[in-house]
Amino acid sequence: MNINKLLKQAQKLQEEAKKIQEQMAALSFEGESGGGKVKATVNGEGFLLKMHVDPSLLEAKDNEMIEDLIVVAVQAAQEKAREASQSQFQKLGGNLGIPGMF
């Protein structure tokens, strides 16, 4: 095995991984709960960017339900971001011919 070739592959992998991370950070993913009454938007890194709670929920004054719906919406958005990220990194490993890398 040629060590220089391996080092070049590792450097290429690192550059591509950084590129994917930057692209993912620029994307946004939405999750919802309560039939769309609560919506959360996160970026590709899973950080919460925006939250919307339908005013009709606030009128109900059921704080526990609203809190639960918020958690579910945020988790749904984060899961979408996580799946998209995993998909991109799996492609990266496959493109470099490194099985099981991601």
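Refer to the preceding data block for the structure.
Residues numbered from 1 in each chain as written. Predicted model: local features only at pLDDT ≥ 70, side-chain atom pairs only at ≥ 80, totals over all residues. Heavy atoms only, no water.

Asker: Let's hear about the overall build of the protein: which residues, and what values?
Answerer: Looking only at helices and strands, one finds three helices and three strands in the protein. Shown N-terminal to C-terminal, the secondary structure of the protein runs as helices and strands in the order α-β-β-β-α-α. Counting all 102 residues of the protein, 27% fall into the buried class. Expressed as a percentage of contacts within the protein between residues at least 6 apart in sequence, the contacts between residues at least 24 apart total 44%. For the protein, the accessible surface area stands at approximately 7200 Å², while carbon and sulfur atoms represent 52% of it. (Helix = DSSP H or I, 4+ residues; strand = E, 2+ residues; numbered from the N terminus. Buried < 20%, exposed > 50% of the residue type's maximum accessible area, 1.4 Å probe, protein only. Contact = heavy atoms within 4.5 Å. Areas by Shrake-Rupley, 256 points an atom, 1.4 Å probe, with all protein chains shown as cover.)

Asker: Go over the pairing of strand S1 (residues 28-33) with me, naming the residues and quoting the values.
Answerer: Within a regular strand, side chains alternate between the sheet's two faces. Burial along S1 is one-sided: Phe 29, Gly 31 and Ser 33 are buried, and none of Ser 28, Glu 30 and Glu 32, which face the opposite way, are. As paired strands, S1 and strand S2 (residues 38-43) are joined by six bridges and run antiparallel to one another. Directly across from Glu 32, in S2, lies its bridge partner Lys 39. Hairpin connection, S1 to S2: the antiparallel pair is bridged by four residues, and Gly 34 has positive phi, about 60°. (Pairing = 2+ DSSP bridges.)

Asker: Would you mind going over the pairing of strand S3 (residues 48-53) in detail, with residue names and values included?
Answerer: Bridging between S2 and S3 involves five bridges; their strand directions are antiparallel. Bridge pairing links Lys 39 to His 52 in S3. The turn joining S2 and S3, which pair antiparallel and follow one another in sequence, is formed by four residues; a positive phi near 90° is taken by Gly 46.

Asker: Tell me about the nonpolar core, and name the residues and values.
Answerer: In this structure, Leu 13, Ala 17, Ile 20, Met 24, Phe 29, Val 42, Ala 77, Ala 81, Phe 89 and Leu 92 together form the largest nonpolar core, which totals 10 residues. Contributions of two or more residues to this core are made by helix H1 (3-26) and helix H3 (63-95). For Ile 20, the residues in contact, after removing those within four places along its chain, are Gln 88, Phe 89 and Leu 92. With eight residues, the next largest nonpolar core counts Ile 66, Leu 69, Ala 73 and Val 74 among its residues. (Core = buried A, V, L, I, M, F, W, Y, C linked by side-chain atoms within 4.5 Å.)

Asker: Give me the lowdown on the sheet that holds S3, citing residues and values where you can.
Answerer: Overall, antiparallel pairing links the three strands, which are arranged S1-S2-S3 in an open sheet. Of all strands in the sheet, those bounded by a partner on one side alone are S1 and S3. Neighbour-to-neighbour, the strand axes of the sheet open up by a mean angle of 15°, direction not taken into account. (Axes fitted to C-alpha atoms, helices over the stretch in contact; angles between N-to-C directions.)

Asker: Tell me about the environment of Glu 79, and name the residues and values.
Answerer: Considering the arrangement of structural elements, one finds Glu 79 in helix H3. Taking relative accessible area as the criterion, Glu 79 reaches 33% and is therefore assigned partly exposed.

Asker: How would you explain the side chain of Asn 43 if you had to name every residue and give the values?
Answerer: Within the element layout of this structure, Asn 43 appears in strand S2. On the basis of relative accessible area, Asn 43 is assigned to the buried category, the value being 9%. If near-sequence neighbours (up to four positions away) are discounted, Asn 43 is found in contact with Met 24, Ala 25, Leu 27, Ser 28, Phe 29, Leu 49 and Ala 81.

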